[in-house]
Amino acid sequence: MTAATADERGPVTTLATPIALDFDFTPGVAQSRFLRGLEQGKFMGQRCSVCGKVYVPSRGTCPTDGVPTTEDVELSNSGTVTTFCVVNVPFAGQSIEIPYIAAQVLLDGANLSFMGLIQELPATEVRMGLRVEAVWVPEDELAPSLASVRYFRPNGEPDADYETYKEYL
Amino acid sequence: MADSEVLHAAHHIEYPYSRSLGPVLSAFMTGLRDGRLLGVTASGGRIVCPPSEYDPDTGDDVGELVEVGPGGVVESWAWVSTPLRKHPLDRPFAWALIRLDGADTALLHAVDAGSPGAVATGDRVVPRFRPAGERVGSLADIEAFVPEGGAV
Amino acid sequence: MSAARAVRPVSVASFAQAQNVRRDDQRNEVEGLLPVIAEAFGAIGITKDDVDFICSGSTDYLVGGPFSFVMALDAVGVWPPRSESHVEMDGAWALYEAWVLLQEGKVDAALVYSFGRSSLGDLNEILTLQLDPYTMAPLWPDIVSLNALQARALIDAGKATEADFAAVASRSRRDALANPKAQVAGDIPVETLLEDEYVVAPLRRHALPPITDGAAAIVLAAGDKATRWSERPAWITGFDHRIETHALGARDLTASPSTAKAGEVAGVAAGPVDLAEIHAPFAHQELIVREALGLDGTVTVNPSGGALAANPIMSAGLIRIGEAASRIAAGQADRAVAHATSGPCLQQNLVCVLEGA
Ligand SMILES: [Zn+2]
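All values reported here derive from a predicted model rather than from experimental measurement.

### Let's talk about the domain arrangement of chain C
All names here are of chain C.
- Here the domain parsing of chain C yields domain 1 (5-122 + 211-229) and domain 2 (129-206 + 237-355).
- For domain 1 and domain 2, the distance between their C-alpha centroids amounts to 22 Å.
- Every contact between the two is made by 39 residues of domain 1 and, on the other side, 38 residues of domain 2.
- Carbon and sulfur atoms supply 62% of the area buried between domain 1 and domain 2, which totals about 2,800 Å² over both sides.
- Linking domain 1 to domain 2 there are zero salt bridges.
- Across the domain 1-domain 2 interface, the total number found is 14 residue pairs in polar contact (both at pLDDT 80 or more).

Following this line, the structure appears as structure tokens:
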């Protein structure tokens, strides 16, 4: 079965079906607190009342215990690189030079690491256990967004002992 | 936490899908670009339009494509007094299930009837194709159906 | 196995639903689910560790982001690692999957939940994406218009009138006055409702469901757990679901053969039906489903107010099963039918028969 047509363009074989949708997104209570914290230049997490773990960011629940996290905890500006990768692939809208380092950073006092950029250190010198601190955008540019954290850089402390972060890899 | 502290953000997503058609829908869309409507022969000689690659009830293979319409009969209709932003027409219109002449199933499309009094179940309608140069092979190549013999 | 009358007794041991509201803009999906799941567990004194399987129903299209169903598991607590599944369907179909697993006899309890916030996006656009992407969706027909086509077909066939639609809405909203979780309730006579404007003729405002943010959870139990967790278990004695073609114009929109078939396989007619919870987001759909299930005037329909009183997408079907089971557990009914629907104009239908001891 083929489409007979006198049209010089030949048979139609594809159909463009673009989809565009608009939403009013709400992150909810706990994630709003985290984002509001970023707006003030600090990391806000929440502690589970059952297991005591501190999540940053928290989605309002302990995913292990399935209970609400209600205790707000302000975390340190410093943390430990648990693992990292060297990115050599450019992407659309990129604002930093390659190669760059994407690392999982475990903030002091937190039980959940999150991704951050490592700068002010040659890519070849980034390592697991590296102690880092957050560098924020200027105060008048702080916003309820992860973009408020420009990147992490070495904080000068000796590397963390593997035992202190091996549970978070 | 007070209402004002929970954040909101506009979230817009777009997917620029381009779907491959396969032989049956390719023929149907090519027909639309050529200004013709095609149905497909299904179980028991039933003509299905819009055509599908399989009998919509039994799943059996379908046979030859045949030309249907261009006119047809309104099987049901619904009056849209305030068109939504993605609707095919920006003025009041009727959605209708239209059984094209020669077909045994109905096609969904807009009927540009002007007013709800100008469309009824059982009415005959004909397609108003876009100019040949604007057609791309899509149901939107038909701007709308219109009452047969009655210009709007 | 082919769907058939239940071979292993499984009961709806617990049911909870969120307060149905037009817009819950304070909580994310996880925060909305947490209290609902906690209530479902708490009502029968169990914890997450007492269920062997978790199955959920939701759709990422509502939130406009991927894997919202994975994040939702944070509301359950899935450590140690759990056996879990998800369907991009109303929670009633998630419950069906859990029921099938319980039929195998290897596990005795399951948590089923569903969630969805309809308020974040435009349902008229989002629900268009469930249609045939080649011959329907490109024209962006909205769900209200498609149901108006179905309602018109009913009227033209002489099977119903606009006053019949209004009567369904009037009764539903009056019954919803007794449902503290309902979103829309009121004692409004048919004549008054018929003064409503058309949204898409022949559907007036009252014949449409409200837009609802909500969530629901059910605990299924078999064996000892079923009798231990319920004083009067609501046993699922028949369960089936059927689908029709997605080619809307190839269907007789005035009837629901898929509901009729599911009802037949589930054994609806095998005994008297005290009440039915029908998932009919649009008023005219209730009339079609009633006919397909062979329910006469003696059957109490939608004492909860049904989906016209609250229509949390992805949960409204599961809630029908929960509402029916709750009335059996409370001794208000001995045999009930719950129905759920999916797809445009009653394309896919599920029927669950519940019986008291
Ligand atoms: Zn915990």
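### Examining the interface of chain B and chain A
- With 37 residues of chain B in contact, the opposing surface of chain A contributes 32 residues.
- For the pair chain B and chain A, the number of links is two salt bridges.
- One salt bridge connects B:Arg33 with A:Asp7, and the closest N-O pair in it is separated by 3.5 Å.
- Taken together, chain B and chain A are joined by 20 residue pairs in polar contact (both at pLDDT 80 or more).
- In terms of residue count, strand S1 (residues 9-20) of chain B provides more of the side of chain B that touches chain A than any other element does, twelve residues in total.
- Grouping the constituent residues of the side of chain B that touches chain A by class yields 17 nonpolar, eleven polar and nine charged.

### Observations regarding the sheet that holds strand S2 (residues 37-41) of chain B
Residues and elements named next belong to chain B.
- Spatially, three strands are ordered S3-S2-S4 in an open sheet, and the strand pairing comes out antiparallel. Edge strands, defined here as strands with exactly one partner in the open sheet, are strand S3 (47-48) and strand S4 (65-68).
- Relative to S3, S2 runs antiparallel, the two sharing two bridges. By the bridge assignment for S3, Val 40 is matched with Val 48.
- In the packing of helix H1 (residues 22-33) onto the sheet, the strands contacted are S2 and S4, and the crossing angle to S2 comes to about 155°.

### Let's talk about the interface of chain B and chain C
- With 38 residues of chain B in contact, the opposing surface of chain C contributes 32 residues.
- Approximately 2,900 Å² of surface area, both sides summed, lies buried where chain B meets chain C, with 61% of it carried by carbon and sulfur atoms.
- The largest contributions to the chain B side of the interface with chain C come from B:Lys86, B:Trp95 and B:Leu108, which together make up 18% of the buried area.
- At the boundary of chain B with chain C, the tally comes to two salt bridges.
- Inspection of the region where chain B meets chain C yields 14 residue pairs in polar contact (both at pLDDT 80 or more).
- Per-element tally for the side of chain B that touches chain C: the top contributor is strand S5 (residues 72-80) of chain B, with five residues.
- Two strands pair when backbone bridges link them, and S5(B) and strand S5 (residues 198-201) of chain C are joined in this way by two bridges, in the antiparallel orientation. What sits directly across from B:Trp79, in S5(C), is C:Ala201.

### Quick notes on the coordination of the zinc ion
All names here are of chain A.
- Distances from the zinc ion to its protein donors, Cys 48 (SG), Cys 51 (SG), Cys 62 (SG) and Asp 65 (OD), fall within 2.0 to 2.3 Å.
- Of note, the zinc ion draws all its donor residues from one chain, in the sequence arrangement C-x2-C-x10-C-x2-D. With a gap of 14 residues between them, Cys 48 in the loop between strand S2 (43-47) and strand S3 (54-55) and Cys 62 in the loop between S3 and strand S4 (71-75) connect regions that are remote in the sequence. Each of the two residues, Cys 48 as well as Cys 62, counts as buried.

### Points about the environment of B:His87
- Here B:His87 is to be found in the loop between S5 and strand S6 (93-100).
- Along the sequence, B:His87 and B:Ser18 sit 69 residues apart, while their C-alpha atoms lie 20 Å from each other.
- Not counting chain neighbours up to four residues away, the residues in contact with B:His87 comprise B:Val80, B:Phe93, B:Trp95, C:Leu139, C:Trp140 and C:Asp142.
- There is a polar contact of 2.7 Å between the side chain of B:His87 and the side chain of C:Asp142.

### Thoughts on the sheet that holds S4(A)
Residues and elements named next belong to chain A.
- The three strands lie next to each other as S3-S2-S4, forming an open sheet whose pairing is antiparallel. Both outer strands of the open sheet, S3 and S4, are each paired with one neighbouring strand and no more.
- Relative to the sheet, helix H1 (residues 29-39) contacts S2 and S4, its axis offset from that of S2 by approximately 150°.

### Regarding the packing of aromatic side chains
Residues and elements named next belong to chain C.
- Using the criterion set out here, one finds twelve aromatic pairs over all chains in the structure.
- Judged by centre distance (5.5 Å) and plane angle (40°), the ring pair of Tyr 96 and Trp 99 falls under tilted. With Tyr 96 and Trp 99 both in helix H3 (residues 91-103) and three residues apart, this pair spans about one turn of that helix.
- For the ring pair Tyr 113 and Phe 115, a centre distance of 6.4 Å and an interplane angle of 25° mean the geometry is stacked. The two residues Tyr 113 and Phe 115 agree in class, both being buried.

### Brief notes about the packing of H3(C) against helix H11 (residues 316-329) of chain C
All names here are of chain C.
- Relative to each other, H3 and H11 sit at 60°, their axes nearing to 6 Å. In terms of axis orientation, H3 runs oblique to H11. Counting all contacts with H3, which are made through Gly 91, Ala 92 and Leu 95, the residues of H11 involved are Gly 317, Leu 318 and Ile 321.
- Residue composition of the contact of H3 with H11, grouped by class: four nonpolar, two polar and no charged.

### Concerning the confidence of the model for chain A
- Put simply, chain A has an average pLDDT of 93, and 98% of its residues get 70 or more.
- Strand S7 (residues 114-118) of chain A is the least confidently modelled element of chain A, averaging 93 in pLDDT, while strand S8 (residues 131-136) of chain A averages 98, the highest of any element.

### Focus on the pattern of salt bridges
Residue and element names in this part refer to chain C.
- As enumerated under the stated definition, the model contains 43 salt bridges over all chains in all.
- In this structure, Glu 29 engages Arg 117 in a salt bridge whose closest nitrogen and oxygen atoms are separated by 3.2 Å. Here Glu 29, found in helix H1 (residues 29-42), pairs with Arg 117, found in strand S4 (residues 109-117); they are 88 residues apart in sequence, far enough to count as distant.
- Residue Arg 117 is classed as buried on the basis of its relative accessible area, which comes to 6%.
- Ionic pairing is found between Glu 277 and Arg 320, a salt bridge with its closest N-O pair at 2.7 Å.

### Considerations on unusual backbone geometry
- Cis rather than trans, the peptide bond between B:Gly69 and B:Pro70 has omega equal to 5°.
- One can find B:Pro70 in the loop between S4 and S5.
- For the bond from C:Ala201 to C:Pro202, the omega torsion is 15°, close enough to zero to count as cis.
- Phi at C:Phe67 is positive, roughly 60°, even though this residue is not glycine.
- Among the secondary structure elements, C:Phe67 is positioned in the loop between strand S2 (53-57) and helix H2 (68-72).
- A residue is classified by how much of its surface remains accessible, and C:Phe67, at 52% relative accessible area, is exposed.
- At C:Asn302, a residue that is not glycine, the phi angle is positive and equals roughly 50°.
- The topology assignment puts C:Asn302 in the loop between strand S10 (300-301) and H11.

What counts as what
Residues numbered from 1 in each chain as written. Chains lettered and ligands numbered in written order. Predicted model: local features only at pLDDT ≥ 70, side-chain atom pairs only at ≥ 80, totals over all residues. Heavy atoms only, no water. Domains from an automatic or database assignment. Contact = heavy atoms within 4.5 Å. Buried area = accessible area lost by both parts, 1.4 Å probe. Salt bridge = Lys/Arg side-chain N within 4 Å of Asp/Glu carboxyl O. Polar contact = N/O pair within 3.5 Å; in protein donor to acceptor, adjacent residues only side chain to side chain. Helix = DSSP H or I, 4+ residues; strand = E, 2+ residues; numbered from the N terminus. Nonpolar A, V, L, I, M, F, W, Y, C, P; charged D, E, K, R; others polar. Pairing = 2+ DSSP bridges. Axes fitted to C-alpha atoms, helices over the stretch in contact; angles between N-to-C directions. Donors = N, O, S within 2.8 Å, 3.2 Å for Na, K, Ca; no water. Buried < 20%, exposed > 50% of the residue type's maximum accessible area, 1.4 Å probe, protein only. Phe/Tyr/Trp six-rings, centres within 6.5 Å; stacked < 30°, edge-to-face > 60°. Parallel < 35°, antiparallel > 145°, perpendicular 65-115°, else oblique. pLDDT = per-residue confidence, 0-100.

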